[in-house]
Amino acid sequence: MDAILKLCMVYTESTTYTVLGQGTMTDLAIRAEGLRKRYRAGKRSKQALDGFTLHVPAGTVHGLLGPNGAGKTTAVRTLATLLRHDAGRAEVCGWDVARQPDQVRARIGLTGQYAAVDEQLSGRQNLVLFGRLARLGAKAAARRADELLEQFGLTEAAGRTAGQYSGGMRRRLDLAASMIRRPRLLFLDEPTTGLDPRSRNQVWDAVRSLVAAGTTVLLTTQYLEEADQLADRISVLDAGRVVAEGTAEELKARIGGDRIEVVARHAAELDAVAAIVAEACGVVPETDPVERRVGAVVADRVAALIEVVTRLNAAGLAVADIGVRQPTLDEAFLHLTGHGAPREAVA
Ligand code: ATP
């Protein structure tokens, strides 16, 4: 989602601000039921949404994960009123996205990986500009800019041109710009793509502060760790429909248990270690020759660990490492969709 869309959103928000509060009472920020959307280009067509259903309670962070082409962007654009669906129904903050788009736009913000800030202007000037575009008076825009600079930890850098900001600072400035009109629901499209770990943490803190203040967030991300860190619940999307939904822990539990992992000391001992894990756990383990690692899902972590250690000792086989851990969200994702993590870029 680019800067122009974002500016349109800010402008539209300002034109419809007076209808705030007249929506249907609901504690769901997003209610989408059976959305269908087919793209048609000449003879070719693609079913991008195929019965997409999503319920997001107000005040929560909901992660939308899926492999490339799963329909994440189409879902977000539909919910943000930028795209018209063919069938199904969606409400945002109690308003129908197809029939009441202005009311929806008055309540949402949109931000993504392409920072919509003007590099020639200072951080503060950028926010004042967004405030003025949103039809705030000069004083109100200046006041709101200062509040947001404070909230996003940018007060000290307020006078520097945005072109001198680090990637993380720009992304926080972009988030701040999306919050000018205090949207109830923020669509966050890959907010930390391309950022280093420190900047990523700063953006995560900024998102947490927004949520603490009551904003609902729909987060699409290519980093499963990001969803793990930020999202209360996660929907896994595949081929235009939600194939699994739950907390990160629930999704990990779908794999069916913890994992035992044993690292052999030498590549030559890998098969012997794998045979012992297979006997001890009663499953065929996965082996990774590069890492010399043998892994298997186990139902009872303590019993499995004792059994493997006992058998290794009996065989006189020392190992480099052994442990039991929960599955990662990445493994859950692979298990649920049969695809690697989105864009193969797990943080
Ligand atoms: P990514 O992670 O790669 O951004 P996504 O989950 O956001 O993918 P979408 O961009 O929503 O997926 O695309 C869903 C499907 O619809 C894909 O197969 C895509 O090729 C197709 N698609 C998206 N936009 C169009 C369009 N304008 N015209 C035709 N097909 C499209």
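Residues numbered from 1 in each chain as written. Predicted model: local features only at pLDDT ≥ 70, side-chain atom pairs only at ≥ 80, totals over all residues. Heavy atoms only, no water.

In this section: the site of the ligand. Within the structure, the ligand sits among twelve residues, and Gly-69, Gly-71, Lys-72, Thr-73 and Thr-74 are positioned closest to it. In this structure, an oxygen atom belonging to the ligand sits 3.5 Å away from a side-chain N or O atom of Asn-68. Gly-69 is positioned with one of its backbone polar atoms (N or O) 2.8 Å from an oxygen atom of the ligand. Relative to its unbound accessible area of 630 Å², the ligand is 64% covered by the protein chains. Breaking the shell around the ligand down by element, the ones donating at least two residues are β2 (44–57) and α2 (72–79). It is α2 that contributes the most residues to the shell around the ligand, three residues altogether. (Near = heavy atom within 4 Å. Polar contact = N/O pair within 3.5 Å; in protein donor to acceptor, adjacent residues only side chain to side chain. Areas by Shrake-Rupley, 256 points an atom, 1.4 Å probe, with all protein chains shown as cover. Helix = DSSP H or I, 4+ residues; strand = E, 2+ residues; numbered from the N terminus.)

So, about the pairing of strand β8 (residues 216–220). Here β8 lies mainly inside the structure; five of its five residues are buried. Burial of the side chains of β8 extends over both faces: Thr-216, Leu-218 and Thr-220 are buried on one face and Val-217 and Leu-219 on the other. Note that strand β3 (residues 61–65) and β8 share four bridges and pair parallel. Note on β8: the bridge partner recorded for Val-61 is Val-217. In this sheet, β8 lies alongside strand β7 (residues 185–189) in parallel orientation, the contact comprising five bridges. Each bridged residue has a counterpart across the sheet, and for Leu-186 the counterpart in β8 is Val-217. In this region the chain leaves β7, passes through helix α7 (residues 197–212) and returns to the parallel neighbour β8; the handedness of that crossover is right-handed. (Buried < 20%, exposed > 50% of the residue type's maximum accessible area, 1.4 Å probe, protein only. Pairing = 2+ DSSP bridges. Right-handed = clockwise from strand over helix to strand, strands pointing away.)

Attention now moves to the sheet that holds strand β12 (residues 286–288). Pairing in this open sheet of four strands is antiparallel, and the strands run β12-β13-β11-β14 from one edge to the other. Every interior strand has two partners, whereas the edge strands, β12 and β14 (319–325), have only one. On average, each strand axis in the sheet is tilted by 15 degrees relative to the strand beside it, whichever way the strands run. Note that strand β11 (residues 258–264) and strand β13 (residues 293–298) share six bridges and pair antiparallel. Bridge pairing in β13 places Val-263 opposite Arg-293. Contacts between helix α10 (residues 270–281) and the sheet are confined to β11, β12, β13 and β14, with β13 contributing the most and set at about 10 degrees to the helix. (Axes fitted to C-alpha atoms, helices over the stretch in contact; angles between N-to-C directions. Contact = heavy atoms within 4.5 Å.)

So, about α7. The end-to-end C-alpha separation of α7 is 22 Å, in line with the 22 Å expected for 16 residues at 1.5 Å each. In this structure, the buried residues of α7 make contact with β3, α5 (138–151), α6 (167–178), β7, β8 and α8 (224–230). Backbone nitrogen of Arg-198 and a side-chain oxygen of the N-cap are separated by 3.1 Å at the start of α7; the cap is Asp-196. Taken from the residues just after α7, Gly-214 is the one with a positive phi, measuring 110 degrees. (Expected span 1.5 Å × (residues − 1).)

Spatial ordering of the open sheet is given by β2-β1-β4-β5, a layout of four strands whose pairing is antiparallel. A strand with exactly one partner marks an edge of an open sheet, and here the two such strands are β2 and β5 (95–96). Across eleven bridges, the pairing between strand β1 (residues 28–41) and β2 is antiparallel. From the neighbouring strand, Ala-41 faces β2, where its bridge partner is Arg-44.

Model confidence for the protein chain is summarised by a mean pLDDT of 86, while 89% of its residues fall at 70 or above. Across the protein chain, element-level confidence peaks in strand β4 (residues 87–92) with a mean pLDDT of 97 and bottoms out in helix α1 (residues 3–15) with 46. This stretch, residues 10–26, has a pLDDT under 50; its non-local contacts, to residues over four places away or in other chains, come to 35 contacts. (pLDDT = per-residue confidence, 0-100.)

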